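Survey of secondary and tertiary structure
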Amino acid sequence: MKCLTNEQIQQLIDGETSTVDLTEYQQHFNGCSHCKERYNEQMALSQNIKELLNASVQSPERIPEFRIPNKVIKPKLKDIRIISWLEVAALLISVFFVWKMTYKPEEELKPTAENIRMFEKCNNVYANTATWRDNVIIVTDVNGIKVQYADK
Amino acid sequence: MVSKFSVSRFEAEDIVQEVFIRLYLQYDSGGEVEYPKTWLYKVASNICINTVGRRKQTKHIETVNELDLGVCDSLELKIEEVEHMKIIQKALSTLKEQEKLMVILYSEGLSYKEISTISGVRFTSVSKSLSRALEKLKPLLKTQYHEMLNQ
């Protein structure tokens, strides 16, 4: 077997080598003092860097305290139900009043016989003919001008 | 992990807070986090990289020394911590962003799979990239220590 690469040695140090490779490497170490020396060196370097980096870590100034309450008072379910029903009732009443105040029913159209006759007359007339004018008599009296239909 | 990126204690506190707010929002919006550990590391590392990157673009008028603020507990600890930080941060600053992240994650004791997920490096390349990054740090740390001892 060839000498181990730095990559293989690093994997070995970090325990990332497969079981098959591990036995192969161990056999190689038994016969190669150079690789064993490199392994020891790289191991020492890795550990030193780890230690140095971890030593540079500052401990936190303070860890926030979390106070767990000793006794938790749960709200009574019965009270909650009454309150919620009252709230719903109040809401419904207020909605009803608002609706009552704002709602205005549409006025029902009740045309008189005169209105209907007038409507029919106006709609049956062609705009370009003088027929309509001929059928109308304009009467003036003390109350003002009145329109009267000839056929009336 | 956050304090290993050259961020101050105050920045680190803000970042950690930001990470947990994002986690809360993630759950609150109905999202799922399959692996919370890697999710937290990933979000934290992204915020750290952004914070450090943003800092490079801005100029500080005055740098507040944490020693002056009396943040650490004892004087000995203060000096030791600060010296350690200086050495390692100086060495780490020479690495590429991704290498730096990998070394930091490695120091956290994460597995190659986790490192791969968080850093975005292919799983098969983790050991190679990691051994290279550690090799790069080796001479840097040696010279740093010598400089410190000579002083």
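Structure: above.
A few points on the structure. Since the structure is predicted, the reported quantities are computational estimates derived from the model, not experimental observations.

Helix and strand counts for chain B come out as seven helices and zero strands. Listing every helix and strand of chain B by position from the N terminus yields α-α-α-α-α-α-α. A buried classification covers 29% of the 151 residues belonging to chain B. Taking as baseline every contact in chain B between residues at least 6 positions apart, the subset at least 24 positions apart corresponds to 62%.

So, about the nonpolar core. In this structure, Ala44(B), Met102(B), Val103(B), Leu105(B) and Ile115(B) are the most contacted members of the largest nonpolar core, which totals 34 residues. Where this core is concerned, the elements lending two or more residues are helix H3 (33-55) of chain A together with helix H1 (9-28), helix H2 (36-57), helix H4 (75-93), helix H5 (97-107), helix H6 (112-119) and helix H7 (126-150) of chain B. Counting five residues, the second-largest nonpolar core is a separate cluster that includes Leu4(A), Ile9(A), Ile13(A) and Tyr25(A).

By convention, interface size is frequently given as the accessible area that disappears when the constituent parts associate. The interface of chain A with chain B comprises 18 residues on the first partner and 21 residues on the second. Put simply, the parts of the chain that give the side of chain A that touches chain B at least two residues each are helix H1 (6-13) and H3 of chain A. Grouping the constituent residues of the side of chain A that touches chain B by class yields six nonpolar, seven polar and five charged.

The terminal C-alpha atoms of H3(A), which comprises 23 residues, lie 32 Å apart, in line with the 33 Å expected from a rise of 1.5 Å per residue. All buried positions along H3(A) are accounted for by Gln42(A), Ser46(A), Ile49(A) and Leu53(A).

Criteria and thresholds
- Residues numbered from 1 in each chain as written.
- Chains lettered and ligands numbered in written order.
- Predicted model: local features only at pLDDT ≥ 70, side-chain atom pairs only at ≥ 80, totals over all residues.
- Helix = DSSP H or I, 4+ residues; strand = E, 2+ residues; numbered from the N terminus.
- Buried ≥ 20, exposed ≤ 12 C-beta atoms within 10 Å, placed from the backbone.
- Contact = placed C-beta atoms within 7 Å.
- Core = buried A, V, L, I, M, F, W, Y, C linked by C-beta atoms within 7 Å.
- Nonpolar A, V, L, I, M, F, W, Y, C, P; charged D, E, K, R; others polar.
- Expected span 1.5 Å × (residues − 1).

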